[in-house]
Amino acid sequence: MVPPSGDGGSPAPIDRPILEFLQTRLQATRQISRATVTDASGHLELQVIFAPSYYPETVDEVQLTVRWYTNDDFKFHYREEHTGHDWECRWDRHPNPHNTRDHFHPPPTAPTPGEDVSWPDDHRDVVELVLEEIEDRIAALWKSE
Amino acid sequence: MSKTDPEDGPPPFEDAFASDDVEQRIYGTILQTREPTTASAIADAADCDPKTARKYLGWFDDLGIVTRHDSHPATYERNDAYFEWRRINQLAGDHSVEELQELVREMTTRIAEYEDTYDAASPAAVDAVAAAEASDERTIDDVYSDLADWATAREERERYERARQQRTGGKREQASG
């Protein structure tokens, strides 16, 4: 539990070229209905909407928001909207006093502190890891139907 | 009586990066090459041979996407100035001067809200741990997100402003030419 003071200096802004690179590729896959780099929610991020056909009818909307920073920190926030409740988790890399720099806020509520883990360095490898876990989640959802 | 079998489920996910050719893989690697790096290390990361990597890195150097350093061996890194230039050109092409002014105003408002919330002139001046401890609503993760979003808003405002200047500058040239 080392406080992050002095770690990395100034807060790093969003790396837009990386978000645009990921947007083009995610947009082209059948599991994703829309990927947009937008600041409509008050901050810049890549919003990824999953195709409804991948989910049972009890799930209203599914969104993954991606923030990747110029110091290679990141936040991937996955959220399923069910009637009456959300199911969410987060893959994070950033300095913090509650976990290691790489950590996971587990479902269904993405609590803090999360679990200490270690993520790959390359942005494409992180995306593949996140998508694999979402695919496993979808398989579990259909099984429980 | 339903014919749908819930056990079927949807088809598997498509691989988002499967159709990237070697040039696109090197480009993707370059995006995260933030320190001078040799062609062979870039080739490793992009899963190609060093000769191919050198060929594309030479091309990216001509375009300005990477900066080449003439050390032995030569090293390469992402050229941030290229991506700034591309973004500002794109903004100047997509928006009128009035729209860009409005975007600058929106960013100024957003930045002022962060300055207010954290009682500081810039995100670098905020002690994130102290700010989280002093707040009932914001966790340390929220504070870090805010500080990074604040830094982003400052950069975005600068880009909108430079795009606006580019457009007004371009208009003047037209009028005088």
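Residues numbered from 1 in each chain as written. Chains lettered and ligands numbered in written order. Predicted model: local features only at pLDDT ≥ 70, side-chain atom pairs only at ≥ 80, totals over all residues. Heavy atoms only, no water.

A.B. asks: Explain the overall build of chain A residue by residue, including any values.
C.D. replies: Tallying secondary structure elements over chain A gives two helices and seven strands in all. Reading chain A from its N terminus to its C terminus gives the helix and strand order α-β-β-β-β-β-β-β-α. Of all 145 residues assigned to chain A, the portion counted as buried reaches 55%. Across chain A, the fraction of contacts at a sequence separation of at least 24, relative to all contacts at a separation of at least 6, is 34%. Surface summary for chain A: the accessible area is close to 6,300 Å², and the carbon and sulfur share equals 50%. Here chain A carries 13 positive and 27 negative side-chain charges, and the mean point of each set is 3 Å from the other. (Helix = DSSP H or I, 4+ residues; strand = E, 2+ residues; numbered from the N terminus. Buried < 20%, exposed > 50% of the residue type's maximum accessible area, 1.4 Å probe, protein only. Contact = heavy atoms within 4.5 Å. Areas by Shrake-Rupley, 256 points an atom, 1.4 Å probe, with all protein chains shown as cover. Lys, Arg positive; Asp, Glu negative; His and termini not counted. Charge placed at Lys NZ, Arg CZ, Asp CG, Glu CD.)

A.B. asks: I'd like a description of the interface of chain B and chain A, backed by residues and values.
C.D. replies: Taken residue by residue, the interface counts 43 residues in chain B and 55 residues in chain A. When residues of chain B are sorted by the area they lose upon contact with chain A, Phe13(B), Phe17(B) and Gln32(B) head the list and together hold 20% of the total. For the interface between chain B and chain A, the tally reads nine salt bridges. For Asp72(A), the salt bridge identified is with Arg34(B), shortest N-O distance 2.7 Å. Run the count over chain B and chain A and you get 26 residue pairs in polar contact (both at pLDDT 80 or more). (Buried area = accessible area lost by both parts, 1.4 Å probe. Salt bridge = Lys/Arg side-chain N within 4 Å of Asp/Glu carboxyl O. Polar contact = N/O pair within 3.5 Å; in protein donor to acceptor, adjacent residues only side chain to side chain.)

A.B. asks: Residues and numbers for the environment of Thr58(A), please.
C.D. replies: Residues and elements named next belong to chain A. Within the secondary structure, Thr58 is located in the loop between strand S2 (45–50) and strand S3 (59–68). Residue class for Thr58 comes out partly exposed when judged on its relative accessible area of 43%. For the pair Thr58 and Asp122, spaced 64 residues apart in sequence, the C-alpha separation works out to 35 Å. For Thr58, the residues in contact, after removing those within four places along its chain, are His82, Thr83 and Glu145.

A.B. asks: Give a description of the nonpolar core that names residues and reports values.
C.D. replies: Residues Phe50(A) and Trp91(A) are the most contacted members of the largest nonpolar core, which totals 62 residues. Excluding residues within four positions of it along the chain, Trp91(A) makes contact with Leu64(A), Phe74(A), Lys75(A), Phe76(A), Tyr78(A), His103(A), Phe104(A), Trp119(A), Leu129(A), Val130(A), Glu133(A) and Ile134(A). (Core = buried A, V, L, I, M, F, W, Y, C linked by side-chain atoms within 4.5 Å.)

A.B. asks: Would you mind going over the pairing of S3(A) in detail, with residue names and values included?
C.D. replies: Residue and element names in this part refer to chain A. Counted residue by residue, S3 has eight buried out of 10 residues, so it is predominantly covered. The sheet contact formed by S2 and S3 spans four bridges and is antiparallel. The residue of S3 that forms the bridge with Val48 is Leu64. Note that S3 and strand S4 (residues 74–82) share nine bridges and pair antiparallel. The residue bridging Gln63 from the neighbouring strand is Arg79, located in S4. Linking S3 back to S4 in an antiparallel pair, the connection comprises five residues, with Asp72 at a positive phi of about 70 degrees. (Pairing = 2+ DSSP bridges.)

A.B. asks: Residues and numbers for the pattern of salt bridges, please.
C.D. replies: Note that side chains of opposite charge can pair when their charged atoms are close. With the rule as written, the count across this model stands at 26 salt bridges over all chains. For Asp86(A), the salt bridge identified is with Arg79(A), shortest N-O distance 3.5 Å. Its relative accessible area of 36% is what places Asp86(A) among the partly exposed residues. When the shortest N-O distance is used, the salt bridge between Glu84(B) and Arg159(B) registers 2.8 Å. Of the two residues, Glu84(B) sits in helix H4 (residues 80–94) while Arg159(B) sits in helix H7 (residues 140–176), which places them 75 residues apart along the sequence. Residue class for Glu84(B) comes out partly exposed when judged on its relative accessible area of 24%. Arg159(B) gets classed as buried once you look at its relative accessible area, which sits at 7%.

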